[in-house]
Amino acid sequence: MRETWVVGAASNRFGKMKDSGREAATRVALAALRSSGLAPKDIGYTFVSNCFGIAEHQAHVGPLINGGLGIPDVPSCTIESACSSSSAGLHEAFVHVAGGFVDAALVIGSEKLSHLDTLAATSYFAIAADYPFETKNGATFPGLYATLATAYQATFPTRPEMLGAVAIKNHANAARNPHAHFQKEITMGTYLHSPIIASPLRLYDCCPFSDGAAAVVVAAKEFVKSPVSEPLVIRASARAGSITEMQDRPDLLGLPATRTAAAKAFRQAHLEPKDIDFLEVHDCFTIAEVLALEDLGFFPQGTAAPAALEGVTARDGRLPVNPSGGLKAKGHPVSATGASQVVEIFEQFNGRAPGREVPRTETALAHNVGATGGSCSVHIFSRR
Amino acid sequence: MDAEELPRAPHTVDDFLRAYEDGGPLRGFRCVRCGLVSATWGLACPRCGDTGRVEQELSPSGKVVSFTIQTVPGDEFLNDAPYAYVVVELDGGGRITGWMPAVRSVSDLEVGDRVRFHPSYKPGVQFVRDLPVDRPGSGG
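Residues numbered from 1 in each chain as written. Chains lettered and ligands numbered in written order. Predicted model: local features only at pLDDT ≥ 70, side-chain atom pairs only at ≥ 80, totals over all residues.

### Describing the packing of helix 3 (residues 85-98) of chain A against helix 11 (residues 337-349) of chain A
A pair of packed helices is characterised by two quantities: the angle between their axes and the separation of those axes. Residue and element names in this part refer to chain A. Just so we agree on the cut-off: Axes here mean lines fitted to C-alpha atoms, for a helix over just the part in contact, with angles spanning 0 to 180 degrees between N-to-C directions. Counting from the N terminus, the helices are the DSSP runs of H or I reaching at least four residues and the strands are the DSSP runs of E reaching at least two. Any angle from 65 to 115 degrees is called roughly perpendicular, while one under 35 is roughly parallel, one over 145 is roughly antiparallel, and all others are oblique. Distance between backbone-placed C-beta atoms decides contact: two residues are in contact if it is within 7 Å. Each residue receives one of three labels: charged for Asp, Glu, Lys and Arg, nonpolar for Ala, Val, Leu, Ile, Met, Phe, Trp, Tyr, Cys and Pro, and polar for the others, Gly being one of them.
Where helix 3 meets helix 11, the closest approach of the two axes is 5 Å, and the angle between their N-to-C directions is 70 degrees. For the element pair helix 3 / helix 11, the angle class is roughly perpendicular. Mapping the contact onto sequence places Ser85, Ser86, Ser87 and Leu90 in helix 3 and Thr337, Gly338, Ala339 and Val342 in helix 11. Residues belonging to the contact of helix 3 with helix 11 are distributed by class as follows: three nonpolar, five polar and no charged.

Structure, rendered in structure tokens:
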């Protein structure tokens, strides 16, 4: 395999976009290319994610984006893996570049749902679960993760303040991220007084419905003569799946796909959790960050819940988690989320995250989950 | 090999849904290799991958393994909120998910509570509290 780098990355501001998903995707792709020093004609393949493009009456968006970039002859395909779509796209780009099939590839994720009301958006999200066996029985996405939270609380002592601290930390980080949907800090009082959405999860445990787009440029080391930004060396690109329906899983105390993908990734990278400087993890709900930290191997099972409360996962803590604000506060434009995690790591490595810098940026890990863990990506990056 | 020659699941997804509407019995499969009882559709065991599976009638009763009170529902449960979404371990094996109308607060349900399948006016698996009939005044 060839050594493969992330050489460019860009995101727009998450929240409510005026642009269509297609327009936003094309803009961030061009911005990512400019940050890489490569030109559109250098791209050999474009991997696009746009899970809910149908909500904009648009499918097959890859050729439209490539056409907008002036490279209509470049092949593209749409990668759908629910909330882990664009990290799945990154994996495909890695495979193509590391395997020598192309020298450079574009990974783009874009989503626009703000033109839908909450009911319609909730219903769109819910179809990424098992529709006949979960959604038809009353599950929503907050409901499914709330069910995990109930099981966790029934097994391990977890005070509401522990989940609240995750939300407070991630809002504080997002307040310093110009790309974030929510750019305001919250207090424990605000958290505790927010309404229950699906018990025990409150409003401030939940990520928002966000519009947004993010793009990443992947290239072979040997193809990049003089990078204009500090590249991320892709030390591991691992994917895993697990049983979609919670009822058939061995337990409800974590996501099996995260455990499997993490084991693969650390093996590929020849690294261990203690070697990682900071993380971007999939915190669609606060309980998801807790489960991720345990499933990835950074905390023993049942011990990650107090980490945010004790400051361990703060930007200046022992293990900074989600300096971008995470899905929880940066926002969660489904298909853009995986790519946007890499944007944050790229900006941290390049010293372009003013006000939210983490102390050490030699290694980082990105963790992105599809739905409730039917699929999962783990990528590990390091400096050259 | 023609797809028609592959092992066939005795049930389609629609068969599961019709069983819920018809009031049961709840159907599932037991893996002949690992013993997992599953109440979801598939051609192989979701745990071990073996295609050797036998149909099994599932108990209508069991205990709540986990749950949430859904305050903000999706469109198909718009008129039912708040309600409980539950994961239930059925007596005799197999887990299934379902919903419980009129369970509106976390104080109304606990992990470990007994519930039983109850035919619903709408698609899906509806559970109600499984109250002992010989204990009048046991609440619920």
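From this point, the narrative continues.
### As for the sheet that holds strand 10 (residues 363-370) of chain A
Residue and element names in this part refer to chain A. So the rule is basically this: Criterion used throughout: strands pair if DSSP finds at least two bridges between them.
Strand order in the open sheet made by the nine strands is 3-2-4-7-1-8-11-10-9, with mixed pairing throughout. In the strand order of this sheet, the two ends are held by strand 3 (76-78) and strand 9 (278-280), each with one partner. Each strand axis lies, on average, 25 degrees off the axis of its neighbour in the sheet, ignoring direction. Taken together, the eight bridges between strand 4 (residues 104-111) and strand 7 (residues 212-220) define a ladder with antiparallel strand orientation. Bridging from a neighbouring strand, Val107 pairs with Val216 of strand 7. Where helix 1 (residues 21-36) meets the sheet, it contacts strand 1 (4-11), strand 2 (45-49), strand 4 and strand 7, and its direction lies at approximately 130 degrees from that of strand 1.

### Observations regarding the packing of helix 6 (residues 160-174) of chain A against helix 9 (residues 286-295) of chain A
Residue and element names in this part refer to chain A. Following both chains from N to C, one finds helix 6 and helix 9 inclined at 95 degrees, their axes separated by 8 Å at the closest point. The orientation of helix 6 relative to helix 9 falls into the category roughly perpendicular. When helix 6 is examined against helix 9, the residues Leu163, Val166 and Ala167 are found in contact with a partner set consisting of Thr286, Ile287, Glu289 and Val290. Here the residues of the contact of helix 6 with helix 9 are counted per class, giving five nonpolar, one polar and one charged.

### Looking at the domain arrangement of chain B
All names here are of chain B. Where we set the bar: The split into domains, and so the bounds of each, comes from an automatic or database assignment of domains.
As assigned here, chain B comprises domain 1 (3-57) and domain 2 (61-129). When each unit is reduced to the centre of its C-alpha atoms, the spacing between domain 1 and domain 2 is 22 Å. The partner domain 2 presents eight residues to the ten residues of domain 1 that form the contact. Here the side of domain 1 that touches domain 2 takes three residues from helix 1 (residues 13-22), the largest share from any one element. A class-by-class count of the residues in the side of domain 1 that touches domain 2 yields five nonpolar, four polar and one charged.

### Brief notes about helix 6 of chain A
Residue and element names in this part refer to chain A. Short version of the rule: Any helix carries an expected span of 1.5 Å times its number of residues minus one. For every residue, the other C-beta atoms within 10 Å of its own C-beta are counted; 20 or more classify it as buried, 12 or fewer as exposed, and values in between as partly exposed. C-beta atoms are placed from the backbone.
Given a rise of 1.5 Å per residue, 15 residues ought to cover 21 Å, and the 21 Å separating the end C-alpha atoms of helix 6 matches this to within 8%. Across the 15 residues of helix 6, twelve count as buried, placing the element largely inside the fold. When we look at burial in helix 6, the residues that qualify are Met162, Leu163, Gly164, Ala165, Val166, Ala167, Ile168, Lys169, Asn170, His171, Asn173 and Ala174.

### Considering the environment of A:Ala9
All names here are of chain A. With respect to the helices, strands and loops of the structure, Ala9 is situated in strand 1. Along the sequence, Ala9 and Leu33 sit 24 residues apart, while their C-alpha atoms lie 7.4 Å from each other. Setting aside residues no more than four positions away along its own chain, Ala9 makes contact with Ala32, Ser35, Ala215, Val216, Val342, Val343 and Phe346.

### Topic: the interface of chain B and chain A
Across the boundary between the two partners, chain B contributes 34 residues, which contact 31 residues of chain A. When contributions to the side of chain B that touches chain A are tallied by element, the ones reaching two or more residues are helix 1, strand 4 (61-70), strand 5 (83-90) and strand 6 (95-100) of chain B. No other element matches the six residues that strand 4 of chain B contributes to the side of chain B that touches chain A. Residues of the side of chain B that touches chain A, tallied by class, amount to 21 nonpolar, ten polar and three charged.

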